[in-house]
Amino acid sequence: FACINLRELYRSGAVIAKEIERARIPVVQITTMTILGQQIGANRIVAGRKVIHPCGDPELSEEADRTLRREIVQTALSALQTEVDSPTIFTPNA
């Protein structure tokens, strides 16, 4: 079994987002480790919910989790349409 360093994994996501943005393709990174995205320079960062479940919360009821997931995705879509020139954190309302 390989050990996965979560900090390195999240850092890699931010680096990938930054490189895609460099090609002028807007990208959103959904993560619970928003500070890493900021430090690396990902432009659009959406605050996720939990490390293992950034796009939801299995402890919520099915309906509440669906509402939360929808809000996170809608926040990400809105972030894609927003012009930014530096790392910006977008926080879902739910």
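From a predicted model like this one, the values you see are computed outputs, not experimental measurements.

Asker: Is there a simple way to think about the sheet that holds strand 1 (residues 29-31) in this case?
Answerer: Within a sheet, adjacent strands bond to each other through the backbone by hydrogen bonds, running parallel or antiparallel. Overall, parallel pairing links the three strands, which are arranged 1-2-3 in an open sheet. This sheet does not close on itself; its edge strands, each paired only once, are strand 1 and strand 3 (88-90). The average angle at which neighbouring strand axes cross in this sheet is 30 degrees, direction not considered. Bridge count between strand 2 (residues 44-47) and strand 3: three bridges; the pairing is parallel. When the bridges of strand 3 are listed, Ile 45 appears paired with Ile 89. Contacting strand 1, strand 2 and strand 3, helix 3 (residues 62-80) runs over the sheet at an angle of about 165 degrees to strand 2.

Asker: Mind showing me how you'd approach the nonpolar core here?
Answerer: Looking at soluble globular proteins, one finds that nonpolar side chains tend to be buried together. Counting residues in each nonpolar core, the largest one holds seven residues, listed as Val 46, Leu 68, Ile 72, Ala 76, Ala 79, Val 84 and Phe 90. Tallying contributions element by element places helix 3 first for this core, with four residues. With residues near it in sequence (within four places) discarded, Ile 72 still touches Ile 30, Val 46, Pro 54, Cys 55, Gly 56 and Pro 92. In terms of nonpolar packing, the next biggest core, distinct from the first, is built from six residues, Ala 14, Val 27, Ala 42 and Ile 45 among them.

Asker: Help me understand the environment of Thr 82, please; the structure alone is not making it clear to me.
Answerer: Structurally, the position occupied by Thr 82 is in the loop between helix 3 and strand 3. Aside from chain neighbours lying at most four places away, what touches Thr 82 is Arg 44 and Phe 90. Within the structure, Thr 82 has its side chain in polar contact with the backbone oxygen of Ser 78 (distance 2.8 Å).

What counts, and where the lines are drawn
Residues numbered from 1 in each chain as written. Predicted model: local features only at pLDDT ≥ 70, side-chain atom pairs only at ≥ 80, totals over all residues. Heavy atoms only, no water. Pairing = 2+ DSSP bridges. Helix = DSSP H or I, 4+ residues; strand = E, 2+ residues; numbered from the N terminus. Axes fitted to C-alpha atoms, helices over the stretch in contact; angles between N-to-C directions. Contact = heavy atoms within 4.5 Å. Core = buried A, V, L, I, M, F, W, Y, C linked by side-chain atoms within 4.5 Å. Buried < 20%, exposed > 50% of the residue type's maximum accessible area, 1.4 Å probe, protein only. Polar contact = N/O pair within 3.5 Å; in protein donor to acceptor, adjacent residues only side chain to side chain.

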